Amino acid sequence: MSTWLITVGLLAAAAAAYLLSLFKARATVKGEVSKLHSRLGYYGSYAAIWTILPALLITFIWTAAEPQVIRSLVEKDLPQSVQSQPDALKSLALGRIASVAEGLPKLSEDEFKVVEKARLGFAPMTDAQNILQEKGVVLGSTPEPYVISAGYDQVIYKQNSRWMITGIAALLAVLGFAYSYFSIRPRLKARNTVENVVLGTLIAASTVAILTTVGIVFSVLFETIHFFSEVPPAEFFFGTVWDPRFTSVGRELSGAEGQFGLIPLLWGTLFISFVALLVAVPIGLFAAIYMSEYAGPKLRGFAKPVLEILAGIPTIVYGLFALVTFGPFLRDTGDLIGLDIAASSVLTAGIVMGIMIIPFVSSLSDDIISSVPQALREGSYGLGATKSETIKKVVLPAALPGIVGAVMLAASRAIGETMIVVLAAGIAANLTLNPFEPVTTITVKIVSQLTGDLEFNSPQTLVAFALGLTLFAITLVLNIYALYIVRKYREQYD
Amino acid sequence: MDQQVATPASSAIIRSAVDDPKVTSKDVCVFYGEKQALFDVNLDVPRNAVTALIGPSGCGKSTYLRCINRMNDTIPIARVTGEIKIDGQDIYDPDLDVVELRARVGMVFQKPNPFPKSIFDNIAYGPRIHGLVRDKTDLDELVSESLERAGLWNEVKDRLHEPGTGLSGGQQQRLCIARAIATKPDVILMDEPCSALDPIATAKVEELMLELRQNYTIMIVTHSMAQAQRVADKTAFFHIGYMVEYGDTKQIFEDPQDKRTQDYIFGRFG
Ligand SMILES: Nc1ncnc2c1ncn2[C@@H]1O[C@H](COP(=O)(O)OP(=O)(O)O)[C@@H](O)[C@H]1O
Ligand SMILES: [Mg+2]
């Protein structure tokens, strides 16, 4: 049976176990449910958990391990000539076996019998080949007999494995049910068990989330170490030239080495983010001041969500806007006033990115300004300060640490932003101070190093991991520091 | 008792006339939106004395106090009618600058609310806004004088540039009083200034009030009847939006006339 079917079966069993235990629990106290340690439902859940949980766990674990186990069994039976082949050829052979194994279950019963006989040596292998070819299973030009035998074996292993796991799951379900059913007594602490299971599930979920993150970081870290074994870290971190030289066939022969200098990319990233903040901080901050201090509740209730919608626009849309509309507009305007602005430039990407992060600045700053206690404002009014004096001299200074945190969160968004810069910043790794020229960023280069059909073992692709890790480190530090500031700020007024 | 609640304004019991009052209120009503919170309050507050406003929670003491420096202007739905004069000048006169008024009428709040700035900058805040000082020496002098008057100078003179929020609650409250004094007001409004303080800090603030009353007109809202008796020359009793009884503190506490005042003072409600 498939895992899915087993799951459904177990669910049905659990439901039955729930009801049976409910009746039993009620019967043990002769209907006086207040004599039970836990509420009645917990006894049902208790039995249901015992019925389903161990069986389901085993089923999932086995389902995950099954392909590996079968594969190694099949591989072990292959002829010596195949086993001694290099890995690449061997995996090709296993691929063909797998396609046979996929084809076999589609045969009719009679046809399958023929293959079975061939496998067991009672019929010539060619019969089996013909049948398979008729069904459209690709066997290659000179199909070796072992491919069909191995494919047949694989099918049988799979069948046996399924029978086995179905049996084990059923057995565990029955045992679990029996154990829980017979342990039902009025003093049984069913609720505690059920709550522990719930707790365990929650812990497991958060562990998965954390482990995944750790796993991602480590996999990037290992690839980065791999990269640094080929390119010295100093060349990467302090190099001022970015010229990775894709090893196309011709170049490989010429033996040219790539240069992987991070500095131009980092510069481009920071330059564009700086322009973005130059746009977003004043606009976002003024919007936040207006909304928290001046706007009436009606306007605020309307304007705040609208501004936050800006944050929900997919960044590729901003990228398109920059590429198709804003970049050419800047270039043409530049022409009019005699400035040479490239359509893809620091300015284009920076301004559009700035628009994108306005809501991050404004929304968070708005919250922070609103959380400045009213008592401080009244204290200032009470001394004869006007509203604008109060905002300038009391509210904003009080909110400043929080606002700095908000700006840093926005900055880390800008630094990690990809789609806008891919479309609007350019790809040339310029180390320039001129905002009208194109530059490129870390994210753009990660994308361009990985697009295409590439092997993941040359420095040209591995560098993407080093870049990714660098980016991760920068934004992580920024985020942690920003959150630290914001939290400290919040504590100040609690 | 319910019939008594609807007492018309004229029946407020005024026990002793005040000649040459500092603050006079005539038929003051306050509305929050549709809801009326204060009904026809008539009250003459003597100069250079402490006047206490007492009464159960929600009876409108704060609301009345906030009329006197027009703090209710900052609440969009609040509306004030009637007439309030300070030294004979109508403070709701459209020609009057509310900023000037608030410089002349200082306010101290229930919870100490020092600005998150240095002790020095907290005091200097008002004078700087109103341009009360010409140069740094003047400012230094004004700051130290204000702190001295608030009885805080000796405790903070070595740490003027540390944040005001780092002081203890009682010190913070005296800092707020010093901050109010620095703008050279002649009326100081205090809304339950000791309710967030411990007894020792409370005693200090009370001592301070008794000292300040020589030069300032002080109005204080308090929930502590003992405090009112210790510091106040006059006491006004408020009840559900009405000023019920007003007179010398001794009279009000020893011989209240109105049934509602008696009930409150002798602890029968509130
Ligand atoms: N900002 C406001 N908006 C609406 N109603 C208010 C506001 N402030 C006070 N009130 C109402 O006015 C009445 C008097 O309140 P307040 O003056 O604060 O009482 P007290 O200071 O005597 O406890 C209360 O019923 C209160 O609910
Ligand atoms: Mg009050």
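Above: the structure in question.
Quick caveat, the model's predicted, so the values are computed rather than measured. (Residues numbered from 1 in each chain as written. Chains lettered and ligands numbered in written order. Predicted model: local features only at pLDDT ≥ 70, side-chain atom pairs only at ≥ 80, totals over all residues. Heavy atoms only, no water.)

Caption draft 1: Up close: a nonpolar patch on the surface. Together, Ile309(A), Ile313(A), Ile316(A), Val317(A), Leu320(A), Leu323(A) and Val324(A) give the surface a local cluster of nonpolar side chains, amounting to about 580 Å² of exposed area. Following the sequence through the fold, Val324(A) ends up in helix H13 (residues 315-336). (Patch = residues over 30% accessible without salt bridge, like charges linked within 9 Å, V, L, I, M, F, W, Y side chains within 5 Å. Areas by Shrake-Rupley, 256 points an atom, 1.4 Å probe, with all protein chains shown as cover. Salt bridge = Lys/Arg side-chain N within 4 Å of Asp/Glu carboxyl O. Helix = DSSP H or I, 4+ residues; strand = E, 2+ residues; numbered from the N terminus.)

Caption draft 2: Fine view of the nonpolar core. With 69 residues, the main nonpolar core has Phe227(A), Phe236(A), Ile272(A), Ile357(A) and Leu467(A) as its most contacted residues. Mapped by element, the contributors of at least two residues to this core are helix H11 (263-294), H13, helix H14 (346-370), helix H16 (387-416), helix H17 (419-424), helix H18 (442-450) and helix H19 (459-492) of chain A together with helix H4 (119-130) of chain B. In terms of residues, this core owes the most to one element, H16(A), which gives 12 residues. Not counting residues up to four positions away in its chain, the partners in contact with Ile272(A) are Val346(A), Ala349(A), Gly350(A), Met353(A), Val421(A), Ala425(A), Val439(A) and Thr441(A). Core analysis: the second largest hydrophobic core is formed by 44 residues, Leu139(B), Ala178(B), Val231(B) and Ile252(B) among them. (Core = buried A, V, L, I, M, F, W, Y, C linked by side-chain atoms within 4.5 Å. Buried < 20%, exposed > 50% of the residue type's maximum accessible area, 1.4 Å probe, protein only. Contact = heavy atoms within 4.5 Å.)

Caption draft 3: Molecular detail of the sheet that holds strand S2 (residues 21-32) of chain B. Residue and element names in this part refer to chain B. Overall, antiparallel pairing links the 4 strands, which are arranged S3-S2-S5-S6 in an open sheet. With partners counted over all chains shown, the strands left at the sheet margins are strand S3 (35-46) and strand S6 (89-90), one partner each. Sheet topology note: the S2/strand S5 (residues 78-86) ladder contains 8 bridges and is antiparallel. Across the sheet, the residue bridging to valine 23 is isoleucine 86, located in S5. Packing against the sheet, helix H2 (residues 61-68) makes contact with S2, S3 and S5, and its axis sits at approximately 120° to S2. (Pairing = 2+ DSSP bridges. Axes fitted to C-alpha atoms, helices over the stretch in contact; angles between N-to-C directions.)

Caption draft 4: Structural view of helix H2 (residues 40-76) of chain A. A rise of 1.5 Å per residue sets the reference length of H2(A), with its 37 residues, at 54 Å; its end C-alpha atoms lie 54 Å apart and thus fit the reference within 8%. Residue Ala65(A) marks the point of greatest curvature in H2(A), where the axis turns by about 45°; the proline Pro67(A) follows within four residues. (Expected span 1.5 Å × (residues − 1). Bend = angle between axes of the 7 residues up to and from the residue.)

Caption draft 5: Representation of unusual backbone geometry within the structure. All names here are of chain B. A positive phi angle, near 55°, is found at aspartate 20, a position not held by glycine. Position of aspartate 20 among the secondary structure elements: in the loop between strand S1 (13-14) and S2. Not every positive phi belongs to a glycine, and aspartate 40 is a case in point at roughly 40°. With respect to the element layout, aspartate 40 can be found in strand S3. For aspartate 40, a relative accessible area of 30% gives the class partly exposed.

Remember, this is a structural readout, not a statement about activity or role.
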